[in-house]
Amino acid sequence: MSRPPLDRPLIPRADRHTVNFEVDIEGPTTHAFRTPVRNVSASGMLLKEAAGLQVGDVVSARLPRLGVITCRVVRLRAGEAGVKFDRNIAVADLLAA
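Residues numbered from 1 in each chain as written. Predicted model: local features only at pLDDT ≥ 70, side-chain atom pairs only at ≥ 80, totals over all residues. Heavy atoms only, no water.

Draft legend 1. Representation of the confidence of the model for the protein. For the protein, mean pLDDT is 89; residues scoring 70 or higher make up 86% of the total. Looking over the protein, one finds the lowest element-wise mean pLDDT in strand 1 (residues 17–18), namely 86, and the highest in strand 7 (residues 80–85), namely 97. (pLDDT = per-residue confidence, 0-100. Helix = DSSP H or I, 4+ residues; strand = E, 2+ residues; numbered from the N terminus.)

Draft legend 2. View of the environment of Gly56. Along the chain, Gly56 falls in the loop between strand 4 (44–47) and strand 5 (58–63). You can call Gly56 partly exposed: its relative accessible area is 34%. In this structure, the C-alpha to C-alpha distance between Gly56 and Arg72, residues 16 residues apart in sequence, is 6.0 Å. With near-sequence residues (within four places) excluded, Gly56 lies in contact with Arg72 and Val73. (Buried < 20%, exposed > 50% of the residue type's maximum accessible area, 1.4 Å probe, protein only. Contact = heavy atoms within 4.5 Å.)

Draft legend 3. Up close: the pattern of salt bridges. Counted according to the given criterion, the structure contains three salt bridges. Residue Arg34 is joined to Glu22 by a salt bridge in which the shortest nitrogen-to-oxygen separation is 3.5 Å. Remark: Glu22 occurs in strand 2 (residues 22–27) and Arg34 occurs in strand 3 (residues 30–40); sequence separation between them is twelve residues. Given a relative accessible area of 46%, Arg34 falls into the partly exposed group. Here Arg34 makes a salt bridge to Asp24, at a shortest N to O gap of 3.0 Å. (Salt bridge = Lys/Arg side-chain N within 4 Å of Asp/Glu carboxyl O.)

Draft legend 4. Just the nonpolar core, in detail. Residues Val23, Met45, Leu47, Leu63, Cys71, Phe85 and Ile89 are the most contacted members of the largest nonpolar core, which totals 23 residues. When residues of this core are traced back to their parent elements, those giving at least two are strand 2, strand 3, strand 4, strand 5, strand 6 (67–77), strand 7 and helix 1 (91–95). If sequence neighbours within four positions are ignored, Phe85 has contacts with Val40, Ser41, Ala42, Ser43, Gly44, Met45, Leu63, Ile69, Thr70 and Cys71. (Core = buried A, V, L, I, M, F, W, Y, C linked by side-chain atoms within 4.5 Å.)

Draft legend 5. Structural detail: the side chain of Asn39. Relative to the helices and strands, Asn39 is located in strand 3. What makes Asn39 buried here is its relative accessible area of 16%.

Dropping the structure here:
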């Protein structure tokens, strides 16, 4: 069984890094909350708790060592939220001890 062609070019998936930290999330359409992060890549992260977020919400996340970055919620699944950063981050800087 073949799949129909995509309407957009395939973008390679960024390397994911499993992490053990929490971030503060806030935005104009959600209350401020803190959540653990499951994994992070240069282009986004997976939040363990969606806490009322909706796909399309724009929020700010305070990342360790990097400060505040703007994100857009791109997916929700099983109570978790995938967010895309408004710009790529240097993952090595984030993970530095």
